[in-house]
Amino acid sequence: MTLPAHEHALPQTGLVPPPGCPAHAATGPDGTARLYGPAAETDPMGLYEELRAAHGPVAPVLLDGDVRAWLVLGYSENRDVATRSTQFSRDPRVWHGWSTGEIDPATSPLMPMIGWRPDCVCADGEEHQRLRSAVTASLDQFDHRGIRRRINRFAHELIDTFCEAGEAELVDRFTEHLPMLTLIHLLGMSDEEAPKLVQAARDLFKATETSLASNAFVVQSLEQLVRDKRVLPGPDIASALMSHPAGLSDEEVVHHLRLILLAGYETTANLMSNVLRMVVTDPRFRGSLAGGQMTLPEAVEQVLWDEPPLMVCPSRYANGDTNLGGQQIRAGDMLLLGLAAGNMDRAVRPDPDAPVHHNRAHLSFSAGSHECPGQDIGRIIADTGIDILLTRLPDIVLAVPEEDLSWRSSTWARHLTALPVTFAPRAPRTHQFEAPLPTAPAPHAVGVPAPAPEPEAAPAAVPPGPAGRAGAGRSWWERLLWALRLR
């Protein structure tokens with residue numbers, strides 16, 4: 001099910017840089033490949049194979065601003081770097097680039113991805129265990145059946161906004177919204193800035209001139225959430241992090257919420273888009289799924305092998321001189337985990353077209369002590385959401401030629417920009433919102449009967465506001481659904 005390298009290429013659109021423009025060249029002054037810019041964004045998988053052919057399983061690359069790093073391409077080499085924390089640290093302060101002036105921390109768009117933060121991703125040893133234990137506990141508190149029920153509701157509500165039209169753009173109308181709504185619920189958020197928050201989170205992966213401002217917005221929004229939860233905690237990730245015995249500071253809580261938001265949203269949205277693209281473009285994939293030779297969870301694993309939602313994972317730093325994949329790595333060097341390249345290593349996949357959907361040994365969630373702790377929740381969102389969509393709209397077909405599909409790529413990820421489909425129009429389901437649990441009765445003195453509960457008032461109807469927008473009295477969720485229906 002793997003696409004050939006030429007099928008990953010994007011159509012050339014927009015402005016074209018002048019010939020020989022050094023800022024847009026595929027290589028730096030000394031010939032080292034750039035892992036950013038138009039050349040790298042057009043065909044990242046093709047670039048990885050070129051680097052593998054030229055350098056073997058570990059290749060020198062340049063990041064934005066021509067910052068030097070090593071890209072690990074081999075499967076076993078990726079696992080080696082990911083699992084040997086004594087040799088390869090996650091703490092960015094080990095990197096020699098800070099002292100050599102290779103990067104300006106105040107302006108570099110790489111900072112949101114490689115800068116040090118007080119979270120478990122940037123820690124090793126006992127400090128990593130302390131912080132990660134809080135993250136794991138905050139995620140494990142949720143019953144998976146409860147999460148599925150919430151996803152079920154969100155998915156049906158989203159599908160109701162476009163099912164009557166007989167056509168939809170699934171990235172904008174479904175795959176980006178479902179992970180967002182689920183994560184907002186799990187984190188404990190309810191403020192109306194949530195859509196802007198997630199847009200900012202996606203912008204961080206682009207490494208553009210707006211990345212620093214987007215990062216600041218994310219952090220400020222999560223700081224407000226922590227202040228709110230100090231006053232009124234709830235059954236959510238933010239409250240669980242604050243109350244964990246590990247004793248996280250508010251700053252540590254904020255940065256772990258940032259980590260969960262960034263990692264969970266971007267990767268799950270990309271995964272869902274990639275699975276649905278395979279459903280509508282690859283007859284073999286769709287036939288295996290429809291014929292029962294492959295279950296939906298197995299289809300998700302196949303796509304995780306072929307197109308990881310995070311293609312390159314930052315970063316590891318060498319604690320000392322070592323040899324890796326035939327390259328001499330010096331103390332303080334930066335290494336990037338090439339998750340997509342490692343998954344396509346012929347040493348573990350001699351035939352890239354052979355199905356591997358029964359196998360979870362891919363690198364898409366990294367490996368070792370820093371392997372993604374929220375991967376099961378990501379799988380639940382993808383499995384449940386896609387299953388509901390294909391059950392309700394089993395006849396979806398791609399509405400444009402496959403070659404017209406386009407991607408937005410960065411050093412770290414490749415994001416499908418649109419997936420327009422058509423299907424037979426269907427009526428929306430009857431909305432059945434979940435009834436809240438009854439509140440616990442107030443304590444009363446022994447022998448004194450509790451007061452009779454007051455009858456619940458019927459919910460007031462909220463009339464729509466001016467044409468093209470929701471009424472001001474609506475909740476954020478109702479306004480989102482209203483806006484989607486108007487598209």
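Before reading on, note that the structure itself is shown above.
Summarised in this report is the structure supplied together with it. (Residues numbered from 1 in each chain as written. Predicted model: local features only at pLDDT ≥ 70, side-chain atom pairs only at ≥ 80, totals over all residues. Heavy atoms only, no water.)

Turning next to helix α15 (residues 296–306). Of all eleven residues in α15, ten are buried; the element is thus mostly enclosed. Among all positions in α15, only Leu296, Glu298, Ala299, Val300, Glu301, Gln302, Val303, Leu304, Trp305 and Asp306 are buried. Those residues of α15 that are buried are in contact with α3 (75–83), α13 (250–281), α14 (283–290), α16 (339–343) and α17 (375–392). (Buried < 20%, exposed > 50% of the residue type's maximum accessible area, 1.4 Å probe, protein only. Helix = DSSP H or I, 4+ residues; strand = E, 2+ residues; numbered from the N terminus. Contact = heavy atoms within 4.5 Å.)

In space, the six strands of this open sheet follow the order β1-β2-β3-β9-β6-β4, with mixed pairing throughout. Each of the sheet's edge strands pairs with one partner strand only, and the pair in question is β1 (33–34) and β4 (88–89). For strand β6 (residues 312–318) and strand β9 (residues 334–338), the ladder comprises four bridges, and the chain directions are antiparallel. In the strand pairing of β9, Val312 is matched with Gly338. Most of the contacts of α3 go to β9, to which it runs at about 125°, and overall it touches β2 (58–63), β3 (67–72), β4, β6 and β9. (Pairing = 2+ DSSP bridges. Axes fitted to C-alpha atoms, helices over the stretch in contact; angles between N-to-C directions.)

Our next topic: the sheet that holds strand β13 (residues 420–422). If you walk across this open sheet you meet the three strands as β5-β13-β10, and the pairing is antiparallel. Edge positions in the sheet fall to β5 (167–169) and β10 (397–398), since each of these pairs with one other strand and no more.

Glancing now at the pattern of salt bridges. The full count for this structure, using the stated rule, is 21 salt bridges. Close ionic contact of Arg277 with Glu307 constitutes a salt bridge, the shortest N to O distance being 2.0 Å. Taken as a pair, Arg277 in helix α13 and Glu307 in the loop between α15 and β6 lie far apart in primary sequence, 30 residues in all. Of the two residues, Arg277 and Glu307, neither departs from the other in class, the shared state being buried. Three or more residues joined by partner-sharing salt bridges are found here, namely Glu301, Arg360, Asp376 and Arg379. (Salt bridge = Lys/Arg side-chain N within 4 Å of Asp/Glu carboxyl O.)

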